[in-house]
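# Overview (structure and organization)
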Amino acid sequence: MNIILFGPPGVGKGTQADNMVKNFNLHKISTGDLLRDEIKKNTDLSKKIKSIIDKGLLVSDETISDLIVKILSKKIYFNRLIFDGYPRNLNQAKSLDLLIKKYNQKISCVLNLNIDKESIIKRVLGRLVCAKCGLTFNKYFDPPQKEKYDCNLKYLKTRSDDNKNTIKNRLKIYTNKTLPILDYYADQRILYKIDGTRKINQVYGEICDIIGSLGS
Ligand code: AMP
């Protein structure tokens, strides 16, 4: 099954996707992570991408589509993807549907994690990402613990776009461009609403129940 994890920045999509990868033999595709990998290549394109991300705006649909095609066309990912942070607008949602059809796959569900604006800001400002293994933690709500985290604490960094100014733009874009996609998926009857303000384990429990109810 392919699953879309939907929700505002900081709601915990990445953390939940990491849990799902471990338990359901799925692969996480975070377009944000793919773009940050692209930035490390230090090309003309990567400079453009970094400047867009640091402003909290959306990278072009063409750039995103190129990244997604590379993934969907790979056999090892066939019907085993969790999309985290994609699609981000209606054009991307429609383009994903076309690609999914072209590669004979299916979107099984869209899990919409909800949270209030104040909590989003707290979560984003507390986020820490490991530069080595990619795992995400939160200074306030989910500090790294020995059982979950093998790398040295020195690798934990704050993302360059996790600051007060950028988060305002990211939230505006989420409200204006990303949220309207929900109607598109509600019409397809594959949308599930989840309260993302609860503890990580509670949210994950509900995700597991939904996945369990879908069958294979
Ligand atoms: P994320 O890691 O999902 O929070 O994404 C970080 C930033 O990467 C976003 O604020 C956008 O600038 C860019 N980005 C990630 N995914 C997409 C996407 N699907 N479409 C356009 N821009 C994206």
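In this report, we go over the structure that sits alongside the text. (Residues numbered from 1 in each chain as written. Predicted model: local features only at pLDDT ≥ 70, side-chain atom pairs only at ≥ 80, totals over all residues. Heavy atoms only, no water.)

### Describing helix α2 (residues 31–40)
Operational definition: A simple rule labels every residue: compare its accessible area, found with a 1.4 Å probe on the protein chains alone, to the largest value its type can have, and call it buried under 20%, exposed over 50%, or partly exposed in between. Secondary structure elements follow DSSP: runs of H or I of four or more residues count as helices, runs of E of two or more count as strands, with numbering from the N terminus. Here, the arc refers to the directions that run from the helix axis to the C-beta atoms. Whether two residues touch is decided by their heavy atoms; if any such pair falls within 4.5 Å, the residues are in contact.
Along α2, the residues that are buried comprise Thr31, Gly32, Leu34, Leu35 and Glu38. Angular distribution of buried residues about the axis of α2 spans 160°; they occupy a single face of the element. Against the buried residues of α2 lie β2 (27–30), α3 (44–55), α4 (61–72) and β3 (81–84). Of the residues trailing α2, Asn42 is marked for its positive phi of about 55°.

### Here we look at the sheet that holds strand β4 (residues 107–114)
Strand pairing in a sheet relies on backbone hydrogen bonds. The paired strands run either parallel or antiparallel. As a reminder, the rule being used: Whether two strands pair depends on DSSP finding at least two bridges between them. Interaxial angle, 0 to 180 degrees, is taken between N-to-C directions of lines fitted to C-alpha atoms, where a helix line uses only the stretch in contact.
In space, the five strands of this open sheet follow the order β2-β3-β1-β4-β8, with parallel pairing throughout. Of all strands in the sheet, those bounded by a partner on one side alone are β2 and β8 (191–195). Neighbour to neighbour, the strand axes of the sheet diverge by 25° on average, direction disregarded. Note that β2 and β3 share four bridges and pair parallel. Among the inter-strand pairings, Lys28 is bridged to a residue of β3, identified as Ile82. Each of β1 (2–6), β4 and β8 touches helix α9 (residues 200–214); the most contacted strand, β8, lies at about 160° to it.

### Regarding the pattern of salt bridges
What counts, and what does not: A side-chain nitrogen of Lys or Arg and a carboxyl oxygen of Asp or Glu constitute a salt bridge if their distance falls within 4 Å.
In total, this model carries 13 salt bridges according to the counting rule given. A salt bridge links Lys28 to Asp33; the nearest nitrogen and oxygen atoms lie 3.9 Å apart. For Asp33, a relative accessible area of 30% corresponds to the partly exposed category. Salt-bridge contacts for Asp37 lead to Lys40; the nearest nitrogen and oxygen are separated by 3.5 Å. Of this pair, Asp37 and Lys40 both sit in helix α2, three residues apart, which is roughly one turn of the helix. Accessibility expressed as a relative area gives 40% for Asp37, which makes it partly exposed. Of the residues examined, Lys40 reaches a relative accessible area of 65% and is grouped as exposed. Each of Arg127, Arg159, Asp161, Asp162 and Arg170 takes part in one network of salt bridges that share partners.

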